[in-house]
Amino acid sequence: MFASRRAFLCLAATAVALPARAADGPAAQLIEKAAAEVIELIKTTKGAQLEAGIRGVLLKYFDIPYMGQAALATHWNATSPEQRERFLKAVISSEARAYTERFSKYGGQTLSVARVSQRPNGVSVVDSRLNQTNGQPINIQWEVRNTGQGLRITDVKIEGVSMVMTHRSDFNSYISSHGGKVEPLIDELEAKSNR
Amino acid sequence: MVEGFFKHVAIIRHSALALAAAVALTGCGDTGVNEPWDPLEGPNRFVFSINRAVDTIAVRPVAVFYRDWMPAAGQRGLHNVVDNLGEPVTAINEVVQGSPGRAATTVGRFLINSTIGVAGIFDVASRIGLSKTKEGMGDTIGYYAGVEPENGGFYMVLPVIGPSNARDGVGLAIDAAVDPFSIITFGISNTAGWIYAGTRFGATLLDRRSRTLFALDDLEKNSVDYYAALKSAYTQQRADVIRQKRDKTGPRAELEQRDKVALVR
């Protein structure tokens, strides 16, 4: 009985402490702003309107060109400017759709930013927890770096699984099974986003 | 997870050691920087496609039905029973990992939940402050191996069980070999052992699949090469668990740390 109460108090103390600590640091603020904007969108819009809103959030808070380049890895250099443009456009469409679908099952989850750690290469890593109404909280890590236009998100890790890294394995495998060419991947991504 | 192997427990005891030795000798192989090492990609993709077919026809529909129609309390009960059966192996691994205190808690949990918690249906132990942990030999090997936790040796897709690698596969085999439940039931008779192993495997599979429906559907829908995406996600997720264990940075580790500070005070 005693132990559980202590554990509960510990948890309660952390929960209370989080928002207060989270206020410092521009990287943490960026994540909180994005989360607030998304929750507002989910509450007020639906369907195509929601998808358009999510797309806006992606463009505003994420460094999509950077993430796209990282996901294509060495193949990026082998692509023409037109291909890159088509690729990024298809990625934005498919991500917007994927997030819309994930959020459409929204049931009152909240995001609490826990701590920001600075890496020597100028990247801030923002640890956060997605608190579910039932079940365990989900750990989400945000990688934030300063691009030309200010702070942007460059990767999201959910329970240790990086979005960029997973896409990179996915894309690279597709490319190498299609003659090492990027064109089929772009075609496939475009076809997927039109489906 | 491992109950499928049980017929071969005796064989596994030897082959697991042989494999572990092989893994140790080759230093788990060379995985490159980020991509998981996958020299068996052909056979792996073959098993993967069979697994997917079995999943589509049999496992997934049952899991969906279970998730949507089984009352939440029932789902929680089954999950607790499955976890409770894993506690002895968790305790063994915690001893090997050098945390006997943590292992004692796990044994306490097991004794309380198996009796007061009615064969593990109710997680009474958590309510009195004994928090749940889950450890397998895969975690233990990863904890001690002097390599990046992304490097788990070659990747392999196991029949029905799914994504694994040399480290976690060997871990599963050792866990199966040292599991007191299987030793006892197979000690009674082969039939008893098989009934136990089969039931537990089925329950574990149902519990697991119903809990991964959302994440796996999402990954499948948002990838162009599901096999490669799942391989990457599996490798990263396991590496994250092992890295947290090494760095002691997990939320659980933080709580434990705080508990220790509170005790000192």
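Every chain's residues receive numbers from 1 upward, in the order its sequence appears when written. Labels follow written order: the first chain is A, the first ligand is 1, and so on. Restriction of local features to residues with pLDDT of at least 70 applies here, the model being predicted, together with a cutoff of 80 or more for giving and counting side-chain atom pairs; totals for whole chains, interfaces and linings are based on all residues.

K.L.:
Before we go on, may I ask you to explain the overall build of chain A in this structure?
P.N.:
For the purposes of this entry, the term helix denotes a DSSP run of H or I that reaches at least four residues, the term strand denotes a run of E that reaches at least two, and both are numbered from the N terminus. The helix and strand inventory of chain A stands at 7 helices and 5 strands. Reading the helices (α) and strands (β) of chain A from amino to carboxyl end gives α-α-α-α-α-β-β-β-β-β-α-α. Every C-beta atom is placed from the backbone, and the number of other C-beta atoms within 10 Å of a residue's own sets its class: buried at 20 or more, exposed at 12 or fewer, partly exposed in between. Here chain A holds 195 residues, and the buried ones make up 29% of them. For chain A, the proportion of contacts with a sequence separation of at least 24, taken over those separated by at least 6, is 51%. The contact criterion used here is simple: two residues whose C-beta atoms, placed from the backbone, lie within 7 Å are in contact.

K.L.:
I would appreciate a short explanation of the sheet that holds strand β5 (residues 161–162) of chain A in the present structure.
P.N.:
Pairing between the strands of a sheet comes from backbone hydrogen bonds, and it takes one of two forms, parallel or antiparallel. Residues and elements named next belong to chain A. Strands were regarded as paired on the criterion that DSSP finds at least two bridges between them. Taken together, 5 strands build an open sheet; the order of strands is β1-β2-β3-β4-β5 and the sheet is antiparallel. Among the strands making up the open sheet, the edge pair consists of β1 (110–118) and β5. The pairing of strand β2 (residues 124–131) with strand β3 (residues 138–147) spans 7 bridges and is antiparallel. Each bridged residue has a counterpart across the sheet, and for Leu130 the counterpart in β3 is Ile138.

K.L.:
Explain unusual backbone geometry to me, please; I cannot follow it from the model alone.
P.N.:
Note: most residues except glycine have negative phi, and most peptide bonds are trans. At Ala73(A), a residue that is not glycine, the phi angle is positive and equals roughly 50°. Note on placement: Ala73(A) falls in the loop between α4 (64–72) and α5 (81–103). At Ala119(B), a residue that is not glycine, the phi angle is positive and equals roughly 55°. Here Ala119(B) lies in the loop between α4 (100–115) and α5 (124–127). On the basis of neighbour count, Ala119(B) is assigned to the partly exposed category, with 13 C-beta atoms found within 10 Å.

K.L.:
Before we go on, may I ask you to explain helix α9 (residues 190–221) of chain B in this structure?
P.N.:
Counting along an α-helix, one turn takes 3.6 residues, and residues three or four places apart therefore face a common direction. Residue and element names in this part refer to chain B. Two axes enter the definition of the bend at a residue: one is fitted to the seven residues ending there, the other to the seven starting there, and the bend is the angle between them. Its maximal kink placed at Leu213, α9 deviates by approximately 55°. Along α9, the residues that are buried comprise Gly193, Ala197, Arg200, Thr204, Leu206 and Ser210. On the buried face of α9, the contacting elements are α2 (41–69), α3 (72–96) and α8 (180–188).

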